[in-house]
Amino acid sequence: MWAMRLVAPQRFAPYDAPEPNQADLGPGDVLLRTLVGGICGSDLQFFRGMRQIDAPQHTHLPGPAGFPGHEVVGVVVASEHQDVRPGETVVGWATNYDAIAEYVVTRGEGLTGFDRSLAAEEAIMLQPLACVLAAVDRLGAVTGRSAAVMGQGPIGVLFSHVLKTAGAARVIGVDRVDRRDAAADFGVDEMVWASADRWARALTEEERPDIVVEAIGHQTATLNDAVEAVAHGGQIYYFGIPDEQIYPLNMDRFLAKDLTLRSGLTRDRRRWLAAAGEYLARHPRLASAYVTDVVGPDDINGAYERAVNPRPGQLKIVFTAPAPAPAA
């Protein structure tokens, strides 16, 4: 089958991988034929060579076929999950991070069907939207509160939209890329074009938000920027993927401000994917604003290179898999 393989930092190569079949499925597994994959910020640490897959059978490069991609839309070829049927088109997680491939074996608990009025290229956003909805749910009631989202890339703009829709009185977006053109589409009241540390240091006490979401990740400094920025008694949600196991924290400042730090992974994935589908049905214009770049299977490397070098006007980048070969 068609697949791409990461053979060096920032370098994919085509790979003729063995095609999985029904015999490869365990209880609860599903075999998908990939239609579309999405590029997530958590994939980029692997693409850049900052981290390798943590599995005993992959102790060196090249990585496994299809890695690193986990956002997937596909057609169910075979299923050992009672709620996922062959022939159904589904969206969700490729649990082995191997979605840059023609066929994928994944867990059915991380997949769900969706409204077929959505193109597959649009439906891919239901996976990151599910993660954001689950995270905002952990914050409790946000009605009337002020919120800031550090990082206004593909995840950050979804946080901004969901927080505003949930009743936040004011939403501030902060990014080193000029995202002002996205403010109206994603409910951002003030889009700040600056680094997180400069923004945080410039705030007066009256300007500090009640909630700060860290949606940047891949560095240790931004957590303390959130501590500096948030109001006394406020909440920080750390969503950005860590590249280090241990993060320094300004505990003096954290304790003095009486803060709450939250984080977590998305559990009950089918539930949150369904919630994402309902959310998108209420906000149908969101998909066209969110997905900005669609590339074919021959431009995977270029797509990932664009993802690591964001530019104004660029949000979600998705790739399509090759069409199936015609029957003989």
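Relevant structure appears above.
Here the structure is a predicted model, which is why all the values come from computation and not from measurement.

Visitor: Would you take a moment to explain the sheet that holds strand β8 (residues 146-150) for this structure?
Guide: Strand-to-strand pairing in sheets goes through backbone hydrogen bonds, with the strands running parallel or antiparallel. As summarised here, the arrangement of the six strands in space is β10-β9-β8-β11-β12-β13, forming an open sheet in which the pairing is parallel. Edge positions in the sheet fall to β10 (190-193) and β13 (260-262), since each of these pairs with one other strand and no more. Pairs of neighbouring strands in the sheet enclose a mean axial angle of 15 degrees, with direction left out of account. Where strand β12 (residues 235-238) lies against β13, three bridges are found, and the strand directions are parallel. Across the sheet, I236 pairs through a bridge with L261, a residue of β13. Where helix α4 (residues 154-165) meets the sheet, its contacts fall on β8, β9 (170-175) and β11 (211-214), and the angle it forms with β8 comes to roughly 170 degrees. In this fold helix α6 (residues 221-229) packs onto β8, β11, β12 and β13, with an angle of close to 160 degrees to the strand it touches most, β12.

Visitor: Would you take a moment to explain the pairing of strand β6 (residues 103-107) for this structure?
Guide: For β6, the buried fraction is high: four of the five residues fall into the buried class. Direction of pairing for strand β3 (residues 29-38) relative to β6: antiparallel, over a ladder of five bridges. Residue R33 lies in a different strand from β6, and its bridge partner there is Y103.

Visitor: Hey, could you run me through the packing of helix α3 (residues 126-138) against helix α8 (residues 269-282) in this one?
Guide: Each packed pair of helices is defined by two parameters, the angle between the axes and the distance between the axes. In the contact formed by α3 and α8, the axes pass within 8 Å of each other and the chain directions differ by 100 degrees. Between α3 and α8, the interaxial angle falls into the category roughly perpendicular. Counted together, L126, Q127, L129, A130, L133, A134 and D137 of α3 and W272, L273, A275, A276, G277, Y279 and L280 of α8 form the full contact between these two elements. In terms of residue class, the contact of α3 with α8 is made up of 11 nonpolar, two polar and one charged.

Visitor: What is the right way to read the nonpolar core from this model?
Guide: A general trend in soluble globular proteins is that nonpolar side chains are found buried together. Counting 53 residues, the largest nonpolar core has V73, F159, L163, F186 and V213 as the members making the most contacts within it. Those elements that provide at least two residues to this core are β5 (89-93), α2 (120-123), α3, β8, α4, β11, α8 and α9 (286-290). No other element matches the nine residues that α3 contributes to this core. Ignoring any residue separated from it by four or fewer positions in sequence, one finds V213 in contact with A148, V149, M150, F159, L163 and Y237. Of all hydrophobic cores here, the second largest spans 20 residues; its members include A200, V212, L223 and V230.

Visitor: Just checking my understanding: could you explain the side chain of E88 for this structure?
Guide: Position of E88 relative to the elements: it lies in the loop between β4 (71-79) and β5. As a buried residue without a salt bridge, E88 has its nearest oppositely charged side chain in R85, at a separation of 4.1 Å. If we ignore the near neighbours within four places in the chain, the residues touching E88 are G74, V75, V76, D83 and G113.

Visitor: Explain the pattern of salt bridges to me, please; I cannot follow it from the model alone.
Guide: Oppositely charged side chains can pair when the atoms bearing their charge come close. Tallied over the full model, the rule gives 14 salt bridges. D189 is the salt-bridge partner of K164, the closest N and O atoms lying 2.9 Å from each other. Taken together, the residues span a long stretch of sequence, with K164 in helix α4 and D189 in the loop between β9 and β10 at a distance of 25 residues. Since its relative accessible area comes to 39%, D189 is described here as partly exposed. One salt-bridge network, in which partners are shared between bridges, spans E205, R208, E228 and R253.

Visitor: I would appreciate a short explanation of the packing of α3 against α4 in the present structure.
Guide: One way to put it is that α3 packs onto α4 with a least axis distance of 10 Å and a crossing angle of 50 degrees. With respect to α4, the element α3 is oriented oblique. In terms of crossing hand, the pair formed by α3 and α4 is right-handed. Residues P128, L129, V132, L133, A135 and V136 of α3 touch α4, and the partners they reach there are I155, L158, F159, V162 and L163. Residue composition of the contact of α3 with α4, by class: 11 nonpolar, no polar and no charged.

Visitor: Can you walk me through the pairing of β8 in this structure?
Guide: Most of β8 sits inside the fold, with five of its five residues counted as buried. Bridging between β8 and β9 involves five bridges; their strand directions are parallel. Across the sheet, the residue bridging to V149 is G173, located in β9. With respect to chirality, the unit in which β8 leads through α4 into the neighbouring parallel β9 is right-handed. Where β8 lies against β11, four bridges are found, and the strand directions are parallel. Paired with A148 across the bridge in β11 is V212.

Calculation rules
Residues numbered from 1 in each chain as written. Predicted model: local features only at pLDDT ≥ 70, side-chain atom pairs only at ≥ 80, totals over all residues. Heavy atoms only, no water. Pairing = 2+ DSSP bridges. Helix = DSSP H or I, 4+ residues; strand = E, 2+ residues; numbered from the N terminus. Axes fitted to C-alpha atoms, helices over the stretch in contact; angles between N-to-C directions. Contact = heavy atoms within 4.5 Å. Buried < 20%, exposed > 50% of the residue type's maximum accessible area, 1.4 Å probe, protein only. Parallel < 35°, antiparallel > 145°, perpendicular 65-115°, else oblique. Nonpolar A, V, L, I, M, F, W, Y, C, P; charged D, E, K, R; others polar. Core = buried A, V, L, I, M, F, W, Y, C linked by side-chain atoms within 4.5 Å. Lys, Arg positive; Asp, Glu negative; His and termini not counted. Salt bridge = Lys/Arg side-chain N within 4 Å of Asp/Glu carboxyl O. Left-handed = near helix turned anticlockwise from the far one by under 90°. Right-handed = clockwise from strand over helix to strand, strands pointing away.

Take it as geometry only, folks, not as evidence of what the structure does.
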